[in-house]
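Working through the structure, step by step
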Amino acid sequence: MSGGLAISPDRDRGPDLAAWIDACLRGDKRATARLISMVERRDPGASTILERIYPHTGKAYTIGITGPPGAGKSTLVDRLVNEFCKDRFSVGVIAVDPTSPFSGGALLGDRVRMTPGSRGRDCFFRSMSAGDAVGGLGPATQDVARVLEANGRQIVLIETVGVGQSELDVAQATDTVLVVLTPESGDTVQMMKAGLLEIADIFAVNKADRLGADSLALALAGMLDRKPRAAGAWRPPVCTTSASLGNGTRTVYDSIWRHHHHLRDTGELEQRRRSRLEKELRRKVEEELKRVLWDELVQTEKMSAWVEAVRKREVDPQRMARRIVTERLEAKIHRRTRMTRTKKEDHAGD
Amino acid sequence: MTRKVRVVMAKLGLDIHWRGVYLVAQFLKDAGMEVVFLGNQFPEQIAEAALEEDADIVGLSCLSGNHMTLAPKVVRLLREKGLERVKVFMGGVMAPEDAVELERTHGVHKVFLPDTPMETIVSHMYESVGRPRHQP
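Residue positions are given per chain, counted from 1 along the sequence in the order it is written. Chain labels run from A onward and ligand labels from 1 onward, assigned in the order the entries are written. Predicted model: local features are reported for residues with pLDDT of at least 70 only, side-chain atom pairs are reported and counted for 80 or more only, and whole-chain, interface and lining totals are derived from all residues. Only heavy atoms go into the side-chain values, all of them from the structure, while hydrogens and water stay out.

**Some points on the sheet that holds strand β1 (residues 6-12) of chain B**
By definition, two strands form a pair when at least two bridges between them are found by DSSP. Secondary structure elements follow DSSP: runs of H or I no shorter than four residues count as helices, runs of E no shorter than two count as strands, and numbering proceeds from the N terminus. With parallel pairing, the 6 strands of this open sheet are ordered in space as β3(A)-β2(B)-β1(B)-β3(B)-β4(B)-β5(B). Where the open sheet ends on each side, the last strands, each with one partner, are β3 (106-108) of chain A together with β5 (110-112) of chain B. Each adjacent strand pair in this sheet contributes to an overall mean axis angle of 25°, direction not counted. As paired strands, β1 of chain B and strand β2 (residues 34-41) of chain B are joined by 6 bridges and run parallel to one another. Looking at the pairing, K11 of chain B lines up with N40 of chain B of β2 of chain B. Contact criterion: two residues are considered in contact whenever any of their non-hydrogen atoms come within 4.5 Å of each other. Angles shown run from 0 to 180 degrees and are taken between the N-to-C directions of axes, each axis being a line fitted to C-alpha atoms and, for helices, limited to the stretch in contact. This element, helix α1 (residues 19-30) of chain B, spans β3 of chain A together with β1, β2 and β3 (57-62) of chain B of the sheet and lies at about 175° to β1 of chain B.

Laid out in structure tokens, this is it:
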């Protein structure tokens with residue numbers, strides 16, 4: 001163990017945590033990496049971290065990159081990072097890859113596409129495994145993005161796992177969504193289907209040096225133009241790119257900025273972020289309720305008796321569940337009101 | 001949630017004998033580790049990746065004869081970044097005396113020469129970070 005901040009991974013809590021957070025806010029990469037790990041694995045310190053850094057977040061612009069496996073998401077991310085860094089932005093990247101449902105392990109291969117030796121890039125790249133989340137992101141992606149922002153990253157790129165048609169969490173986590181497709185992605189009917197294509201703010205038809213790129217771009221444009229749209233509303237541009245050759249990536253970059261300006265000028269950015277926070281808050285309430293329910297309210301030791309009642313067909317599962325929850329909630333509320341009442345009476349006696 | 005062992009794996013320098021590193025990476029994944037695969041990288045990028053990824057282990061594959069120059073540099077850069085807790089493992093083809101020297105004087109935690117059973121690599125790695133093997 002060295003001096004300074006080097007502490008073993010399982011002992012870096014308590015008073016040290018504050019030092020790690022301060023270091024992260026000052027721009028220290030090692031502290032940031034460590035905090036990300038803690039947030040990612042929902043370490044006991046995670047809630048303290050998120051609480052402390054929250055005031056320092058909310059300003060970074062977040063961009064989601066999604067699309068089928070092998071479409072060229074990582075390669076495009078690498079090019080975009082270059083462009084952002086050229087314009088002197090500090091960039092954070094979160095690249096999510098799938099976790100093995102069998103071993104729990106993961107092979108995170110997005111870093112392979114990063115240009116080696118691109119010195120002078122002000123970029124923090126973090127690979128993440130999706131765990132058992134099914135929406136294309138990891139369970140803590142949003143929180144990890146906040147840690148990166150607290151570290152001073154002005155732009156945060158979030159690359160999803162390779163998705164099919166309906167892993168759309170990224171739309172709920174980012175300001176601009178870039179959907180990357182390839183000439184092999186399908187015909188006009190595929191383009192008309194619900195899901196992935198509906199969340200795009202920008203399309204990149206990558207590997208455009210291959211046959212069929214133009215007809216795919218045309219099919220996409222057709223789909224987009226058939227959609228009724230209010231005057232002045234954003235119409236997702238379709239860019240053709242060959243990310244590995246660096247062709248067309250500048251157009252994607254410019255489109256991101258155009259979309260950003262559009263959102264900002266129409267007030268949609270604030271609106272989107274607000275509704276995102278509302279969704280997050282609702283989700284957190286549900287999580288909290290679930291935790292309180294199982295940890296404090298429901299006496300799980302009675303579970304086998306309840307199951308037995310259901311098994312004997314004395315009561316159906318739906319009614320049983322309702323009975324358990326209402327009974328426990330009522331008991332809890334009664335206890336609360338009784339307690340406050342006695343407190344008040346105590347005060348009255350003073 | 002327990003933290004999975006995170007391994008940053010790279011081919012050292014310009015060496016293109018990829019089969020071995022692919023094989024090991026896949027085995028580590030199957031043994032429940034999170035493998036951040038870098039492909040070909042030089043020591044600077046490997047150390048930077050270990051930093052950003054909060055790695056427990058750096059795994060280097062080298063079959064091209066430059067192990068005595070590049071591997072010690074990785075160890076040195078990790079130390080400069082305050083990452084002395086990161087264990088450096090190596091695999092590849094080299095003279096056995098080089099392997100001994102890397103371990104004894106250059107701070108490489110362990111070198112695995114050809115014909116090492118995969119299970120040996122996995123158990124060494126779990127042991128080196130002092131964590132029980134991940135059970136799915």
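**Re the confidence of the model for chain A**
All names here are of chain A. Looking at chain A as a whole, its pLDDT mean stands at 87, while 92% of the residues score no less than 70. As a per-residue measure, pLDDT reflects the predictor's confidence and takes values from 0 up to 100. At the level of individual helices and strands, chain A shows its lowest average pLDDT in helix α6 (residues 188-192), which scores 73, and its highest in helix α8 (residues 249-266), which scores 97. Segment residues 1-14: pLDDT under 50, and 30 contacts once partners within four positions in sequence are set aside and those in other chains are kept.

**Focus on the interface of chain A and chain B**
Where interface size is quoted, it is often the accessible area lost as the parts come together. In this complex, chain A contributes 33 residues to the contact, which on the side of chain B involves 32 residues. The working definition used for a salt bridge is a side-chain nitrogen of Lys or Arg within 4 Å of a carboxyl oxygen of Asp or Glu. Linking chain A to chain B there are 6 salt bridges. Note that R111 of chain A and E53 of chain B form a salt bridge whose closest N and O atoms lie 2.7 Å from each other. The definition of a polar contact used here is a pair of N or O atoms within 3.5 Å, where within protein one atom must be able to donate a hydrogen and the other to accept one, and adjacent residues in sequence count solely through side-chain atom pairs. Here chain A is connected to chain B by 20 residue pairs in polar contact (both at pLDDT 80 or more).

**Let's talk about the nonpolar core**
If you look at soluble globular proteins, the nonpolar side chains tend to sit buried side by side. Residues and elements named next belong to chain A. Counting residues in each nonpolar core, the largest one holds 50 residues, and the members touching the most others are L35, I94, V179, F203 and L220. A total of 7 residues in this core trace back to one element, the largest contributor, which is helix α7 (residues 213-226). Setting aside its immediate chain neighbours within four residues, V179 contacts T66, L196, L197, I199, A200, I202, F203 and A204. What we call a nonpolar core is a set of buried Ala, Val, Leu, Ile, Met, Phe, Trp, Tyr and Cys residues that are connected through their side-chain atoms within 4.5 Å. Under the scheme applied here, a residue whose accessible area is under 20% of the maximum for its type counts as buried, over 50% as exposed, and between as partly exposed, the area being computed with a 1.4 Å probe on protein chains only.

**Considering the layout of surface pockets**
Residues and elements named next belong to chain A. In this structure, the largest pocket spans a volume of roughly 610 Å³. As for the largest pocket, its lining consists of 17 residues, and the residues nearest its centre are S47, L50, D143, K284 and E287. Of all the secondary structure elements, the ones that give two or more residues to the lining of the largest pocket are α3 (46-53), α5 (141-150) and α9 (268-297). The element that contributes the greatest number of residues to the lining of the largest pocket is α9, accounting for 7 residues. Only protein atoms enter the 1 Å grid, on which a cavity is a set of points fitting a 1.4 Å probe that cannot get out and a pocket is an open set with protein on both sides within 12 Å along at least 5 of 7 lines, lining residues being those with an atom within 4 Å of a point. Grid points are joined across faces, edges and corners, and a volume is the space filled by probe spheres set on the points.

**So, the pattern of salt bridges**
Residues and elements named next belong to chain B. Counted according to the given criterion, the structure contains 41 salt bridges over all chains. Note that K81 and E48 form a salt bridge whose closest N and O atoms lie 2.9 Å from each other. Residue K81 is located in the loop between α3 (67-80) and β4 (87-92), and its partner E48 is located in helix α2 (residues 43-52); the two are separated by 33 residues in the primary sequence. For K81, a relative accessible area of 27% translates into the label partly exposed.

**Description of the side chain of S74 of chain A**
Residues and elements named next belong to chain A. Among the structural elements, S74 can be located in helix α4 (residues 73-86). Among the polar contacts made by the side chain of S74, one reaches the side chain of E159 at a distance of 2.7 Å. In this structure S74 touches D110, R113, M114 and E159, once residues within four positions along its chain are discounted.

**Section: α1 of chain B**
Two residues of an α-helix separated by three or four positions point the same way, owing to the 3.6 residues in each turn. Here α1 of chain B is 12 residues long and its end C-alpha atoms lie 17 Å apart, about the 16 Å a rise of 1.5 Å per residue gives. Within α1 of chain B, burial applies to V21, V24, A25 and L28 of chain B. Down the axis of α1 of chain B, the buried set is contained in an arc of 100°. They therefore lie on one face. Considering only its buried residues, α1 of chain B is in contact with β3 of chain A together with β1, β2, β3 and α5 (118-128) of chain B. Positive phi shows up at G32 of chain B, right after α1 of chain B, with a value of about 90°. Given a helix with a known number of residues, its expected span is that number minus one, times 1.5 Å. To be clear, the arc concerns the directions from the helix axis to the C-beta atoms.

**Digging into unusual backbone geometry**
Most peptide bonds take the trans form, and the phi angle of most residues other than glycine is negative. All names here are of chain A. Of note, the phi angle at R88 is positive, near 65°, even though the residue is not glycine. Position of R88 among the secondary structure elements: in the loop between α4 and β2 (91-97). A residue is classified by how much of its surface remains accessible, and R88, at 75% relative accessible area, is exposed. Of note, the phi angle at R313 is positive, near 65°, even though the residue is not glycine. Relative to the helices and strands, R313 resides in the loop between α10 (303-311) and α11 (317-349).

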